[in-house]
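Descriptive analysis of the structure
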Amino acid sequence: MSRATAGPEIERLISLLAKLPGLGPRSARRAVLHLLKKREALMGPLAEALADAADKIRACSTCGNLDVTDPCAICAAPGRDPSVICVVETVGDLWALERASAFRGRYHVLGGTLSALDGIRPEDLNISGLLERASGEEAKEIVLALNATVDGQTTAHYLADKLTPLGVSVTSLARGVPVGGELDYLDDGTLAAAFRSRRPA
């Protein structure tokens, strides 16, 4: 059992920060020391921003994105194509696609993937909302942008089976050699996926 080296308020702050992804106890301790050194410049504004976010940010009832408005800014944007819906596992995946500026349609956040090991069933995900949107007159194509994991692929197959009878086109992201990637450094699964996804040169 580790010994407390600071007061309970500081230890509580370290403990809370250590729960964030990518931050262990050591990193959290360094972050807290930095916050305390820059108390006026960082700590007050951070506390205010956290309280503001906790109070105002909510999940979009249409797609599941996080925003201060409902529907979110992406769902409400008039310039986006409502006929193409990109399905992602998490809001983080949605943000990654937006950063890449590669997609100008709408999104749908599942909230995870099917997983027998973790006991995550179809009713635990936002699948019913997706099927409802895919049944609408506007929807023409559903892009399954799920991670290339066993659970991601299982979920993609399940969704394809449910979506195809609705008359929409169901597509998925190409898998394979990343831009700038060297064949010698790629794993076997990526190389196999690259061959399966090959196209005319």
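Summarised in this report is the structure supplied together with it. Keep in mind that this is a model prediction, so the values were computed, not measured.

**Regarding the pattern of salt bridges**
- The final tally for this structure, using the stated rule, is 5 salt bridges.
- Two residues, glutamate 11 and arginine 29, come together in a salt bridge whose shortest N-O distance is 3.5 Å. Within this pair, whereas glutamate 11 is found in helix 1 (residues 8-17), its partner arginine 29 is found in helix 2 (residues 25-37), the two being separated by 18 residues in sequence.
- With a relative accessible area of 17%, glutamate 11 lands in the buried category.
- Overall, the relative accessible area of 31% leaves arginine 29 in the partly exposed class.
- A salt bridge links glutamate 98 to arginine 80; the shortest N-O distance between them is 2.8 Å. In this pair, glutamate 98 is assigned in helix 5 (residues 91-100) and arginine 80 in the loop between helix 4 (73-76) and strand 3 (81-88), connecting sequence segments 18 residues apart.
- Several salt bridges share partner residues, and in doing so they unite Arg121, Glu123 and Asp124 into one network.

Rules used in this analysis
- Residues numbered from 1 in each chain as written.
- Predicted model: local features only at pLDDT ≥ 70, side-chain atom pairs only at ≥ 80, totals over all residues.
- Heavy atoms only, no water.
- Salt bridge = Lys/Arg side-chain N within 4 Å of Asp/Glu carboxyl O.
- Helix = DSSP H or I, 4+ residues; strand = E, 2+ residues; numbered from the N terminus.
- Buried < 20%, exposed > 50% of the residue type's maximum accessible area, 1.4 Å probe, protein only.

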